[in-house]
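Secondary and tertiary structure notes
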Amino acid sequence: NWYVCEHKGERIVRIDSAGNASVLAGTGQTGYSGDGGKATQATMFDPHGIVITAGQQMYVADTRNHTVRKIDLKTGLISTVAGTGKAGYLGDGGPAVKAEFDGTFAIDVDPTGRNLYIADLGSRRVRKIDLKSGVTTTIAGNGEKGVPQDGADASASPLADPRAVAADSKGNVYILERGGNALRVVDRKGKIRTLIAPAKSASGSAAMTVVPDLNGPKHLCVDRSDNVIIADAENNLVRKYDPKTGRTVTIAGT
């Protein structure tokens, strides 16, 4: 099966191997309801992203509800795993269901299935939820707008606008900044580095820049070889960053 997250349709649509479409979640109406029941009867508010684990659990970035919802693909039931429905920034060190987020724009689960990462755009932070304990922490961003210094502690550093997040098999967490037109990475030690930056920016260098500059990139994912795939939205391109070589190539679009 494959799935379509309908941002303005307020639904998640499933398409099977024969090409048949059905609604997995959402009524098509804007709202925040349905937890504990069938996902088809639930309401969402501008969901922007989904991720599915090996255990057949789908997580949904329910963006304007400032939450992450979970749909059990075996039972069809929906629940909230992060956020209260209120915009804000609080709750680190405690249960994710009591934490506040400000625009959950993108999410990812690492290959171990243990950690869920959230691009908490309005808070200018990236948050992590331990799916076993349910505890949330901030792994990048101090709430200030700016460019982080290479090698600095990620959680104490500024970010421009973390729009998307993805984790690889080595414990690295990649952060894509839409307005900053940059790709950054947080390593296993919690240190942040810039990998792609605008040529004329303070952090830009020959090793970090690409032609053309990223332009309003909105989403990213990590493939099975740990390459980073970037939806370079305003350039109408799909691009691939190879962490082994540091090179970025265009793989789709003119």
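Refer to the structure presented above.
These numbers were taken from a predicted model, which means no experiment stands behind them.

All right, on to the pairing of strand β19 (residues 237–242) then. Of the strand pairs in this sheet, strand β18 (residues 228–232) and β19 are connected by five bridges, and their pairing is antiparallel. Residue pairing in the sheet places Val 228 in a bridge with Tyr 241 of β19. Connecting β18 to the antiparallel partner β19 that follows it, the hairpin turn spans four residues, and Asn 236 within it adopts a positive phi of roughly 60°. Of the strand pairs in this sheet, β19 and strand β20 (residues 247–252) are connected by five bridges, and their pairing is antiparallel. Each residue of the ladder has a partner; that of Arg 239, found in β20, is Thr 250. Between β19 and β20, which follow one another and run antiparallel, lie four residues, and Gly 246 among them has a positive phi close to 80°.

In spatial order, the strands read β1-β2-β3; together these three strands make up an open sheet with antiparallel pairing. Strand pairing shows two members of the sheet lacking a second neighbour, β1 (2–6) and β3 (21–25), which therefore form its edges. When strand polarity is set aside, the average angle formed by the axes of neighbouring strands in this sheet is 30°. Bridge count for strand β2 (residues 11–15) against β3 is four bridges, and the pairing is antiparallel. Within β3, the residue paired with Val 13 across the bridge is Val 23.

Here we come to the nonpolar core. The nonpolar side chains of soluble globular proteins are, as a tendency, buried together. Within the largest apolar cluster, 28 residues are counted, with the highest numbers of intra-cluster contacts made by Ala 140, Leu 183 and Leu 220. Contributing elements (two or more residues each) for this core: β9 (115–120), β11 (136–140), β13 (162–167), β14 (173–177), β15 (182–186), β16 (191–196) and β18. Excluding its chain neighbours within four sequence positions, the residues that come into contact with Leu 220 are Ala 164, Val 165, Ala 166, Tyr 174, Leu 176, Leu 183, Val 228, Ile 229 and Ile 230. Residues Val 51, Tyr 59, Ala 82 and Phe 101 belong to the second largest nonpolar core, which totals 14 residues.

Our focus in this paragraph is the pattern of salt bridges. Following the criterion strictly, the structure yields 14 salt bridges and no others. Residue Arg 11 is joined to Glu 6 by a salt bridge in which the shortest nitrogen-to-oxygen separation is 3.1 Å. For Arg 11, a relative accessible area of 26% gives the class partly exposed. Note that Asp 226 is salt-bridged to Lys 170, the shortest N-O span being 2.9 Å. Here the residue Asp 226 occupies a position in the loop between β17 (219–222) and β18, and Lys 170 occupies one in the loop between β13 and β14, the gap between them amounting to 56 residues. Three or more residues are tied together by salt bridges with common partners; here these are Lys 8, Asp 46 and Arg 64.

We now examine the sheet that holds strand β10 (residues 125–130). Reading across the sheet, the four strands line up as β8-β9-β10-β11 and stay open at both edges, with antiparallel pairing between neighbours. Of all strands in the sheet, those with a lone pairing partner are β8 (104–109) and β11, marking the two edges. The mean inter-strand angle of the sheet, taken between neighbouring strand axes irrespective of direction, is 30°. In the sheet, β10 pairs with β11 via four bridges, with the strands oriented antiparallel. Across the sheet, Val 126 pairs through a bridge with Ala 140, a residue of β11.

Of note, Gly 134 is situated in the loop between β10 and β11. The spacing of Gly 134 and Val 81 is 53 residues in sequence and 7.9 Å in space, taken between C-alpha atoms. Leave out the neighbours within four places in its chain, and Gly 134 touches Gly 94, Pro 95, Ala 96 and Ile 129.

Relative to the helices and strands, Lys 240 resides in strand β19. For the pair formed by Lys 240 and Ile 229, sequence separation is 11 residues and the distance between their alpha carbons is 4.6 Å. Excluding residues within four positions of it along the chain, Lys 240 makes contact with Asn 227, Val 228, Ile 229, Arg 247, Thr 248, Val 249 and Ile 251.

About the cut-offs
- Residues numbered from 1 in each chain as written.
- Predicted model: local features only at pLDDT ≥ 70, side-chain atom pairs only at ≥ 80, totals over all residues.
- Heavy atoms only, no water.
- Pairing = 2+ DSSP bridges.
- Helix = DSSP H or I, 4+ residues; strand = E, 2+ residues; numbered from the N terminus.
- Axes fitted to C-alpha atoms, helices over the stretch in contact; angles between N-to-C directions.
- Core = buried A, V, L, I, M, F, W, Y, C linked by side-chain atoms within 4.5 Å.
- Buried < 20%, exposed > 50% of the residue type's maximum accessible area, 1.4 Å probe, protein only.
- Contact = heavy atoms within 4.5 Å.
- Salt bridge = Lys/Arg side-chain N within 4 Å of Asp/Glu carboxyl O.

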